[in-house]
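Observations on the three-dimensional arrangement
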Amino acid sequence: MDLVLGSDLRIGIQTIHRRTEPAPGLWLPTINELVAFVELVDQCGYDSLWVGDHISFPVPIFDPLLQLAQAGVVSRRLTLGTSVLLLPLRHPTPVAKQVTTLDHLTEGRLILGVGVGGEFPKEYAACDVPHNERGARLAEGVQVLRKFFSGEPVSHKGRFYGPFEDVPMRPPPRQLGGPPIWFAGRNEMALRRVGQLGDGYLAYVITPDMYRTALETIAVAADAAGRSPGPFGTGHLLFTRLDNSYQTALDRATETLSVRYAMDFRRAAAKYCALGKPEQVAERIREFHAAGVRHVVLDLLGRYEERRQQIEWFAAKTLPLLRDLRAG
């Protein structure tokens, strides 16, 4: 199956209330802080706002669906998405109710990104979910979600969920059939799952060449599953740092990501991030667009106190360099 991609590039921002590290002092986020942040992203001309998900993480992080519910009241324009919800850590039936509610609260502006995570096995243990079952649970969980998104009474008997019969859940989501479900993943099994089940692909920590190859694998899997050609979303979570030089940007990115993931991230930052002056960052984004990415989600790296400056700097200096890709 040929994946039907759009042409226009969309640009979003990752994180709302998640604190970037390292940062000093006690962290007590406020409603006014969230309102100011969402308004900033909206007024600067970005297209979307995304939040990540972990139950347990080396740095402070909140629940993504609750954050998006709050953000959806502030902006009436931005697309809102999870990047990504770790669905295997949760039973899909209450998630279906939460996502349906959020789709209405955002008036149908929701993209549901899902994935398995796995970098932190302790959060799986804490949720009483075997770490080696996360991929299979994701696939079955999405099947349950889509059944409930239909608006019809649901019956299900699977390996992990059910049996239950004729369970109604009303109302159905605002978007017909539910919000689009974009899958994350990098290995071949995960990519085949995207082709079999996904409305889109949301990647991170890969290069443009790796992204292009991933789309080829997804297309083959979709064809093997007998899927009909249709619109397919392509996103990429891109760690980004604007600075006066590539080297300074690399230093700041390494500092942030090494704390966040509790490991030395310097080599990975050099390989996978968009770093440096606005022109250098724009060129990296162009490489991803050429590889098939149509929605870049920027995770702007650095100290918490620098976030506003990075958002405004990118909007003022990098977005204009991408204007030809965003025109539609």
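Rules of the game
Residues numbered from 1 in each chain as written. Predicted model: local features only at pLDDT ≥ 70, side-chain atom pairs only at ≥ 80, totals over all residues. Heavy atoms only, no water. Core = buried A, V, L, I, M, F, W, Y, C linked by side-chain atoms within 4.5 Å. Buried < 20%, exposed > 50% of the residue type's maximum accessible area, 1.4 Å probe, protein only. Helix = DSSP H or I, 4+ residues; strand = E, 2+ residues; numbered from the N terminus. Contact = heavy atoms within 4.5 Å. Axes fitted to C-alpha atoms, helices over the stretch in contact; angles between N-to-C directions. Parallel < 35°, antiparallel > 145°, perpendicular 65-115°, else oblique. Left-handed = near helix turned anticlockwise from the far one by under 90°. Nonpolar A, V, L, I, M, F, W, Y, C, P; charged D, E, K, R; others polar. Expected span 1.5 Å × (residues − 1). Arc of directions from axis to C-beta.

Residues Y46, L49, Y201, I285 and F314 are the most contacted members of the largest nonpolar core, which totals 86 residues. At seven residues, the largest contribution of residues to this core is made by helix α5 (residues 134-149). Beyond its immediate stretch of four places on either side in the chain, I285 contacts L9, I11, L238, V296, L298, F314 and L322.

Bringing the packing of helix α2 (residues 64-74) against helix α3 (residues 92-105) into the picture now. At a minimum axis separation of 9 Å, α2 and α3 run at an interaxial angle of 15°. Considered as vectors, α2 and α3 are oriented roughly parallel to each other. Every pair of crossing elements has a handedness; the one defined by α2 and α3 is left-handed. Along its contact with α2, which presents L65, L68, A69 and G72, the element α3 presents Q98, V99, L102 and L105. Grouping the constituent residues of the contact of α2 with α3 by class yields six nonpolar, two polar and no charged.

Note that an α-helix has 3.6 residues per turn; residues three or four places apart therefore point the same way. Compared with an ideal rise of 1.5 Å per residue, which puts 17 residues at 24 Å, helix α7 (residues 208-224) spans 25 Å between its outermost C-alpha atoms and is within 8% of the ideal. For α7, the complete set of buried residues consists of P208, Y211, A214, L215, I218, A219, A221 and A222. Projected down its long axis, α7 shows its buried positions confined to an angular sector of 165°, all on one face. Relative to its buried face, α7 has exposed residues pointing more than 90 degrees away, namely D209, V220 and A224. Elements in contact with the buried residues of α7: α6 (188-197), β9 (200-204), β10 (233-242) and α10 (278-290). Immediately beyond the C-terminal end of α7, within one or two residues, lies G226, with a positive phi of roughly 75°.

A separate point is unusual backbone geometry. A cis amide bond links S83 to the next residue, V84, at an omega of -5°. Within the element layout of this structure, V84 appears in the loop between β3 (79-82) and β4 (85-86). Within the chain, D166 stands out as a residue other than glycine whose phi angle is a positive 50°. Look at D166 and you get exposed, because its relative accessible area is 55%. One non-glycine residue, V205, adopts positive backbone phi at about 55°. By the secondary structure assignment, V205 is in the loop between β9 and α7. Looking at V205, the relative accessible area reads 12%, which means it is buried.

Moving on: the environment of L80. Tracing the chain through its elements places L80 in strand β3. With a relative accessible area of 1%, L80 lands in the buried category. Linking L80 and W50, residues 30 residues apart in sequence, is a C-alpha distance of 5.8 Å. Residues contacting L80, with those up to four places away along its chain left out, are L49, L68, A71, G72, T106, R109, L110 and I111.

Any link to function would need more than the numbers given here.
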